[in-house]
Amino acid sequence: MANPEEIPPNNTLTQDGGETGPELEVVSVTEEELPVVQTPTTADVSPLGSAHGNNNTPPPDNQDGPPNEPAPPTEAGETNQTQDSHTDPTAPPSHTLPVTKVQPFFSEMQSLGSRLLARRMELLIGVCVLVLVSLIFAIGLGVGLSCVGKFRCSTSGCIPLSAQCDGREDCPAGEDELSCVRVSGRSLVLQLLTAGVWRTICADGWKHSLTQHACYQLGYPSYIDSAFVALKAVEEEFQSNLVSINLTEPGLLQHFKIHNASYLSKTQCPSGMVVTLQCQACGSRPRFGARIVGGNVSGEGQFPWQVSLHFHSEHLCGGSIITHTWVLTAAHCVYGFAYPRLWAVHVGLIDQPVNGAQSVAVEKIIYHSRYRPKGLDYDIALMKLANPLTFNGLVEPICLPGFGEEFQEGRMCWISGWGSQEYEGEPSVSLQGARVPLMSSKVCTQPGVYPGIISPGMICAGYLDGGTDSCQGDSGGPLACDVDSVWKLVGVVSWGEGCADRNKPGVYTRVTHTLRWIHTHMEKENLNPSTVSADD
C-alpha cells in the first residue's frame, strides 16, 4: 500500500469465519431520532453469510423483518427483544441482492444451526401466543398501542416528550432521564435537552468541574476538559435555543446529572461563547509514521482502532475501539450469536492468525432492537469488554462524530479489515486498508445503483466504476475519516451487492444517526454495570 495520500483506487479489503454457543445477551432500545424506513427484504443479512434468491425477482418492499416475527417497535424507550437468525448457510449465493459483508460460518455450524432453529421456533410459537393474548386484551380494554408524539417507556406506557430530562424518572426503568446531554457538530458543542428542546450551553456560569459529570452522562468513565468557543464559530443550527447553567459546587456531588441543575434560557450568550467538551483523547495515530510502498497491506499503528472479533477462536468480523471498554461493530455480526463467552476481541493485530496480539474477553453484547436479519437498517451493535484496554499507540480509540456533524460528498476516507479481496474469495492474512470517497445519497439512490433502498441511517462510499470496496469479512469494521488531523468514525461496514462491482458501492451504517443509541447504552452501563443482563 502507498501512503495514505497515494493509494490507487484499485484495491479491496478482507476476512474469515467462526462458530456458536450457549446464552443470549442483551438487545438495546431503539434510536428514537431515526424514522422508520421500509427497506426491502434481503436474501441474507445474518452471520450465516450467503445470499439466497431468484436473480430475476426484485426483493419485496413491504417488509422490514422476517416472516412470522412481530413487527419491530418504532419509538423511543421500546421493550427490548432477543433475536435469532433463520437462514440456510448451504444455499447458493445470489450476486444481485444486497448481502452483508460477513464471512460464512464453517460447515460444522450447520448441525448446530438446525438445533438452534428448532429451539427458536418453539420460543417463537410461545411468544406469538403471548402477543396474541395481550393484543386481544388490549383491544378489549380499548387501549391504544401507539405512542406517536410521545416517549415510550421500555416497560409500558408513554409520557409526554416534555417529561424527558426533567429530573424526575417518569418511566419505571428511568430511561426518560438518560441521554439528556450531547455534543454536537464539528466543534463538539455541549447541549442540554430541556422541555423537549436541545439547547446549546453558554460559557457564562459554566464550571469546569461540571465537565466530569457531562462526560459521565455521555458514557465515558473519565474526562479531559471543556473549553469555550465563539458562538458564531459553530454551525448555525446550534446558535439558537441557548441556556446557561447555574450551579455553585457540582464537584461535591457524585454522578450529578447536569440537566438537573438550575438553568436559564437565553436568546444570546452574554460572553458570546459556548461550551465544547472533550471526554477522551481519540482519533490519533501516534505510532504510525512509516511510508509503506506497494499494495494495500496496513502498517503497525495505521488503524489502531481496528479490532478483529473472534467467535470460537476464528476471525468473523471487524470492529472499532471507541473507549477503553467499548467496541462498535455491526448488528448482523452478532445477531443470533450474542454469547459473550464465545467471543474475543483482538487489538493491535496486523496478521491472522493471532500472533502475540492482545486478546480481551467480552462481557456484554448489545445490538439495536430494530435490526432485523432480513432488513438493512439499524445494523449497529456494541460490545462491552470484560477488562479495559491500555492505549499505547498501537491500540487507540477512534473519535465518534458530533450530533449533526456532516461529512461532505467526495471526502476521502479509509476502510480496513481482513476481508476477502474478491467476492466470495479467501480471507486476507494481513490487515488491508484502502481509500474510498464518501458518496451522496442522491448518487447512491440513482437508477442502476441502489434506488429506493438507502435510508437516512446509511451512508455510501466507494467508486461507481468499482475496483475498491469492503468485502466479506470486513463487516463491522470502520469507515474512518481524517477531519483536521482527528480521525472520526463515520460509518460501520454493513452491506453491498458483490464486492467492488461497477455501480455497487459499499453501504455503511451512518454513525451520526445512532449516536443517541450508543451514548444511552454507555451511560446506562456507567450507572448500572453488570456482567449478565437478559433484559437491557
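This structure is a prediction, so every number in the text was calculated from the model and none was measured.

Conventions adopted
Residues numbered from 1 in each chain as written. Predicted model: local features only at pLDDT ≥ 70, side-chain atom pairs only at ≥ 80, totals over all residues. Heavy atoms only, no water. Helix = DSSP H or I, 4+ residues; strand = E, 2+ residues; numbered from the N terminus. Buried < 20%, exposed > 50% of the residue type's maximum accessible area, 1.4 Å probe, protein only. Contact = heavy atoms within 4.5 Å. Areas by Shrake-Rupley, 256 points an atom, 1.4 Å probe, with all protein chains shown as cover. Salt bridge = Lys/Arg side-chain N within 4 Å of Asp/Glu carboxyl O. Pairing = 2+ DSSP bridges. Disulfide = S-S within 2.5 Å. Phe/Tyr/Trp six-rings, centres within 6.5 Å; stacked < 30°, edge-to-face > 60°. Core = buried A, V, L, I, M, F, W, Y, C linked by side-chain atoms within 4.5 Å.

Draft legend 1. Representation of the overall build of the protein chain in the model. Helix and strand content of the protein chain: 5 helices and 23 strands. Residues counted as buried form 57% of the 536 residues belonging to the protein chain. Relative to all contacts within the protein chain whose residues are 6 or more apart in sequence, the contacts with residues 24 or more apart total 76%. Carbon together with sulfur atoms contributes 53% to the accessible area of the protein chain, which is approximately 21300 Å² in total.

Draft legend 2. Fine view of the pattern of salt bridges. Under the defined criterion, the tally for this structure stands at 9 salt bridges. Salt-bridge contacts for arginine 168 lead to aspartate 166; the nearest nitrogen and oxygen are separated by 3.0 Å. Looking at aspartate 166, the relative accessible area reads 26%, which means it is partly exposed. Residues joined by salt bridges that share partners form a network here, namely Glu363, Lys364, Lys384 and Glu525.

Draft legend 3. Region of interest: the environment of glutamine 217. Assignment of secondary structure puts glutamine 217 in helix α2 (residues 210-217). Sequence separation between glutamine 217 and histidine 519 is 302 residues; the distance between their C-alpha atoms is 8.1 Å. For glutamine 217, the residues in contact, after removing those within four places along its chain, are Cys180, Val181, Phe256, Lys257, Ile258, His259, His519 and Glu523.

Draft legend 4. Layout of the pairing of strand β21 (residues 478-483). Among the 6 residues that make up β21, 5 are buried, leaving the element largely enclosed by the rest of the structure. Pairing of strand β18 (residues 412-417) with β21, which is carried by 2 bridges, proceeds in the antiparallel orientation. Its bridge partner lying in β21, isoleucine 415 is registered against leucine 479. Bridging between β21 and strand β22 (residues 486-496) involves 6 bridges; their strand directions are antiparallel.

Draft legend 5. View of the state of the cysteines. This model, assessed by the stated rule, comprises 10 disulfides. Across a sulfur-sulfur distance of 1.9 Å, cysteine 444 and cysteine 460 are joined as a disulfide pair. Handedness of the cysteine 444-cysteine 460 disulfide follows from its S-S torsion of about -75 degrees: it is left-handed. With cysteine 444 in helix α4 (residues 441-444) and cysteine 460 in strand β20 (residues 458-461), this pair connects stretches of sequence that are 16 residues apart. Exposure remark for cysteine 460: the relative accessible area of 2% places this residue in the buried category.

Draft legend 6. Focus on α2. Burial analysis of α2 places 7 of its 8 residues in the buried class, the great majority of the element. Where α2 is concerned, the buried positions are Leu210, Thr211, His213, Ala214, Cys215, Tyr216 and Gln217. Among the structural elements, β5 (181-184), β6 (189-194), β8 (225-230), β9 (242-246), β11 (273-278) and α5 (515-527) are those in contact with the buried residues of α2. Glycine 219 lies just past α2 and shows a positive phi near 100 degrees.

Draft legend 7. A look at the pairing of strand β16 (residues 358-367). Buried residues dominate β16, accounting for 7 of its 10 residues. Sheet topology places strand β15 (residues 343-347) next to β16; 4 bridges connect them, and they run antiparallel. Following the sheet pairing, valine 345 is matched in β16 by valine 360.

Draft legend 8. A look at the side chain of threonine 512. With respect to the secondary-structure elements, threonine 512 resides in the loop between β23 (506-510) and α5. Other than its neighbours up to four places away in sequence, threonine 512 contacts Pro401, Gly402, Glu405 and Phe407.

Draft legend 9. Structural context of the packing of aromatic side chains. For the structure shown, the criterion picks out 7 aromatic pairs. Relative to tyrosine 367, the ring of tyrosine 335 has its centre 5.5 Å away and its plane inclined at 65 degrees; by these criteria the two rings are edge-to-face. Of the two residues, tyrosine 335 sits in the loop between α3 (331-334) and β15 while tyrosine 367 sits in strand β16, which places them 32 residues apart along the sequence. When its relative accessible area of 0% is taken as the criterion, tyrosine 335 is described as buried. What makes tyrosine 367 buried here is its relative accessible area of 0%. Grouping aromatic residues by their ring pairs yields a cluster made of Phe311, Phe337 and Trp343.

Draft legend 10. Looking closely at the nonpolar core. Counting residues in each nonpolar core, the largest one holds 76 residues, and the members touching the most others are Leu190, Ile258 and Ile322. Each residue touching isoleucine 322, except ones within four places of it in the same chain, is listed here: Tyr220, Gln280, Leu328, Leu382, Pro397, Ile398, Leu400, Leu489, Ile518 and Met522. One finds Ile415, Ala434, Leu438 and Tyr508 within the second-largest nonpolar core, a separate group that totals 14 residues.

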